[in-house]
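This is what each chain is made of:
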Amino acid sequence: DSTFTRDSLSLRTASGVTLQAEAGRLLVPENRARSTSRRIPVGYLRLRSTAAHPNAPLFFLAGGPGQRAVSRDPGGLEFWLPLLAVGDVVLIDQRGTADPSLRFAWDGALPMSYFVSVDSAGAHEREMVRRAAAAFRTRGVDMAGYNTIENARDIEALRVALGLPRVSLLAFSYGTHLAFAYLREFAAHVDNAVLIGN
């Protein structure tokens, strides 16, 4: 199925531990309310547990919104070792975080009046948002698809694609809001949830 791709690989942590892993991506509707919606990628990296009888895989929901979770950095991989003794860890790049069509860089200098007042800073921020939204629309991005509900449904679609009856959640910052949204709709598939920050 071209909507779901995955490859096996070996990774090494900073201390030299070799981890078995699976990297892949799932194509999901950008806006599930539109039958003609384009498909966008949700990337993941599944780190395999070292336990003989692992618990339900742990889905890591990063913050931001907009922070990428998928990383092969040896130091970052080292962080997950204690959790891999319990079960698989699945790092998920939420919708839009790795999509080049959603990158926007301001092409000018910061206005000299930016730090003069809240009003001048606000005016510049609004202009940046207006120009970014216009650029995204020109690229065919459906902005209505970028919300926490769609994001939670991506998490569920990934759980189903991976064939997992149940998962646990580890959420940080914005990820806690995403975890609550997931729990509201899909709590029957969750073993445990740890929410850090808000």
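Residues numbered from 1 in each chain as written. Predicted model: local features only at pLDDT ≥ 70, side-chain atom pairs only at ≥ 80, totals over all residues. Heavy atoms only, no water.

## Some words on the pairing of strand β6 (residues 167-172)
Thinking step 1. The buried fraction of β6 amounts to five of the six residues, a majority that puts the element mostly inside the structure.
Thinking step 2. Inspection of the sheet shows strand β4 (residues 55-61) paired to β6 by four bridges, in the parallel sense. Note that in β6 the partner of leucine 61 across the bridge is alanine 171.
Thinking step 3. Here β6 pairs with strand β7 (residues 190-196) via five bridges, running parallel. Looking across to β7, one finds that alanine 171 is bridged to leucine 195.
Thinking step 4. A crossover links β6 with its parallel partner β7, the connecting element being helix α5 (residues 174-186), and its sense is right-handed. (Buried < 20%, exposed > 50% of the residue type's maximum accessible area, 1.4 Å probe, protein only. Helix = DSSP H or I, 4+ residues; strand = E, 2+ residues; numbered from the N terminus. Pairing = 2+ DSSP bridges. Right-handed = clockwise from strand over helix to strand, strands pointing away.)

## Some points on the sheet that holds β7
Thinking step 1. Spatially, seven strands are ordered β1-β2-β3-β5-β4-β6-β7 in an open sheet, and the strand pairing comes out mixed. If you trace the sheet from one side to the other, it starts and ends with β1 (4-12) and β7, each paired once. Shown here is a sheet whose adjacent strand axes are inclined to one another by a mean of 20 degrees, direction ignored.
Thinking step 2. The strands that helix α4 (residues 148-161) touches are β1, β2 (18-29), β3 (39-47), β4, β5 (87-93) and β6; relative to β2, the one it contacts most, it runs at about 120 degrees.
Thinking step 3. In this fold α5 packs onto β4, β6 and β7, with an angle of close to 150 degrees to the strand it touches most, β6. (Axes fitted to C-alpha atoms, helices over the stretch in contact; angles between N-to-C directions. Contact = heavy atoms within 4.5 Å.)

## A short note on the pattern of salt bridges
Thinking step 1. Under the criterion given, the structure shown has 17 salt bridges.
Thinking step 2. We note a salt bridge from glutamate 30 to arginine 38, for which the minimum N-O separation is 3.0 Å.
Thinking step 3. For glutamate 30, a relative accessible area of 1% translates into the label buried.
Thinking step 4. For arginine 38, a relative accessible area of 28% gives the class partly exposed.
Thinking step 5. In this structure, glutamate 185 and arginine 153 form a salt bridge, with 3.0 Å as the shortest nitrogen-oxygen distance. Note that glutamate 185 is positioned in helix α5 and arginine 153 in helix α4, a separation of 32 residues in sequence.
Thinking step 6. Judged by relative accessible area, glutamate 185 falls into the partly exposed class, the value being 38%.
Thinking step 7. Of the residues examined, arginine 153 reaches a relative accessible area of 34% and is grouped as partly exposed.
Thinking step 8. Look at the salt bridges and you will find they share partners, linking Arg6, Glu22, Arg46, Arg48 and Asp88 into a network. (Salt bridge = Lys/Arg side-chain N within 4 Å of Asp/Glu carboxyl O.)

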